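Each chain, written out:
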Amino acid sequence: MNQFIRRDIIDMQPYTPIVPFEVLSQRLGRTADDIVKLDANENPYGPAPGALAALQAGRYFHIYPDPEANVLRDKLADFTGVPKERLLAGMGADELIDLVLRVVLEPGDAVIDCPPSFGMYPFSTAVNAGAYVAVARRDDYSLDVDAIEAEVARQPHAKVLFVCSPNNPDGSVVADADLRRLLELPLLVVLDEAYVDFSGNSRMAWALEYDNLVVLRTFSKLAGLAGLRVGYGIFPEWSIPHIMKIKQPYNVNVAASLAACGALDDKEWLREKVSAITAERDRMVRLLAPFRYLRPYPSRSNFVLFRVFGRNALDLKRNLEQHGILVRHFAKPGVDNCIRISAGRPQDTNRLVEALREIG
Ligand SMILES: *Cc1c(COP(=O)(O)O)cnc(C)c1O
C-alpha cells in the first residue's frame, strides 16, 4: 500500500530520536533520580518555580486555549521589548521551524543549512519537500559566509537560510558582521536563538530592521519547560497573517501557556540559573582538562562539545551510560567522534568526573 505514501517520504531518512528517559532508566536499572542527564541541554534545576506555581493555580484546563496566545504574547512583548503584533508562539521552537518552511516553500525551493547544526533543519526541510543544501561550517564552526553567498548565487531557488546562534552542537555565536552580510542575501534568514539566554546579546530587535529575518527562542532550555513544548519568535510583518492562517488553532496548550507566563514572572530565578549553569559549564571544562583525550570547543551556551582523541566516542558514551550518565554522541561530518555534554549541577559534574576516572 506504499503507493499512497509520498515518494519523497518513502525515501526520507528517519530522525534519530534519543531513547526516552523512562526506557533508559529501566534499561540501566537505575531510578530517574540516579541518572545524570546531560544529553539534551535541559535545565538540570527543573522548571522555574513560577511556572510550577502557575500550573498549580490553573483552573481552565477544560477550555480550549486562545489561538492567538494573547496573554503569553503580551508578556513576551514585555520580556523581549519587541511589539506583540510581531510575535508568534508555538508548540516549541520546533513547530515554528516547521511553520516557516510550510508557509514559504514551494516545490523545488531550497533551504540552506550550515552543518554541523540542529537536526530539525534538515528534518523539517525534508518533511516540507524542500531541497536541502548544506554549506559546511569551518573547522572552528564559524559560518563560511563566502561559500554561502556563492551557493545562493548558484541556487536560484534558495529561499531560506538557517543560522543557529549559539550553535548546537558546539556553542559558537555568529558574528554581527557575518549576520549582516547574510541578511543582505535574497533569503529568509531564520536565526535560531534557542540558547541565547546563556550567551546574551539576542538579535530579536534586528527583526525590526530587516524584513527577511525570523528569530526563534524557546522555553525548553533555560526555563526548564522542554516537556511542555512552548517556543516563540519574532516574524516579518508580511508573514504573520499567513502563518496564523496555516497553524493549528490550538497549537499552544493551556498548561504550556500558563507555565511559560509563570516562568516569565520568575526573572530572578532565571537570572540565577543562567549564572549557575554557565559557571558550572566552565567548571566542567576545568575539571575535564586532565582527561587529555577530551578536547573542548569554546562554548557560549549551556553545553560543551568535546572532540575525542585516541578512543571511540561512542564507546565512551556507552561507558558513561553504564555509570548512569547520559551524554550526546555525534558521528556526523564536522563532529565525527565527538560528544556533547550539557552543563549540570555541581553534583552532576562531580559524578561525571568520578565516572571518567573509573572508566580510566
Ligand atoms: C532545543 C532546540 C530547539 C527546540 O526547541 P523546542 O522549543 O523544545 O522545540 C530549537 N533549536 C535548537 C538549536 C535547539 O537546540
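You'll find the structure just up there.
Residues numbered from 1 in each chain as written. Predicted model: local features only at pLDDT ≥ 70, side-chain atom pairs only at ≥ 80, totals over all residues. Heavy atoms only, no water.

Caption draft 1: Up close: the site of the ligand. Around the ligand lies a shell of 13 residues, among which D192, Y195, T218, S220 and K221 are the nearest. Between the ligand and the protein, one listed contact pairs a nitrogen atom with a side-chain N or O atom of D192 at 2.6 Å. Within the side chain of Y195, a nitrogen or oxygen atom sits 2.6 Å from an oxygen atom of the ligand. Each residue belonging to the shell around the ligand can be placed in one class, and the counts come to 5 nonpolar, 4 polar and 4 charged. (Near = heavy atom within 4 Å. Polar contact = N/O pair within 3.5 Å; in protein donor to acceptor, adjacent residues only side chain to side chain. Nonpolar A, V, L, I, M, F, W, Y, C, P; charged D, E, K, R; others polar.)

Caption draft 2: Examining helix α2 (residues 21-28) more closely. L24, S25 and L28 are the residues of α2 that are buried. Seen along its axis, α2 keeps its buried residues to an arc of 100°; they face one direction. Projecting away from the buried face of α2 at angles above 90 degrees are the exposed residues E22, Q26 and R27. Against the buried residues of α2 lie α13 (313-322) and β11 (325-326). Once α2 finishes, G29 follows within two positions and takes phi at roughly 65°, a positive value. (Buried < 20%, exposed > 50% of the residue type's maximum accessible area, 1.4 Å probe, protein only. Helix = DSSP H or I, 4+ residues; strand = E, 2+ residues; numbered from the N terminus. Arc of directions from axis to C-beta. Contact = heavy atoms within 4.5 Å.)

Caption draft 3: Looking closely at the side chain of N128. Among the secondary structure elements, N128 is positioned in the loop between α6 (120-127) and β4 (131-134). Judged by relative accessible area, which is 16%, N128 ranks as buried. Ignoring sequence-local partners within four residues, the contact set of N128 consists of D98, L101, R102 and L105.

Caption draft 4: Empty space enclosed by the protein, seen in detail. Under the counting rule described, the total for this entry stands at 2 cavities of 30 Å³ or more. The volume enclosed by the largest cavity comes to roughly 50 Å³. Together, S165, P166, V173, E193, V196, S199, G200, N201, R203 and R300 line the largest cavity. The space that makes up the second largest cavity amounts to roughly 40 Å³. Around the second largest cavity, the lining residues are P67, E68, A69, R73, L88, A89, M244, K247 and N251. Here the lining of the second largest cavity is built from residues that sort into 5 nonpolar, 1 polar and 3 charged. (1 Å grid on protein atoms, 1.4 Å probe; cavity = no way out; pocket = protein on both sides within 12 Å on 5 of 7 lines; lining within 4 Å. Points joined across faces, edges and corners; volume = space filled by probe spheres on them.)

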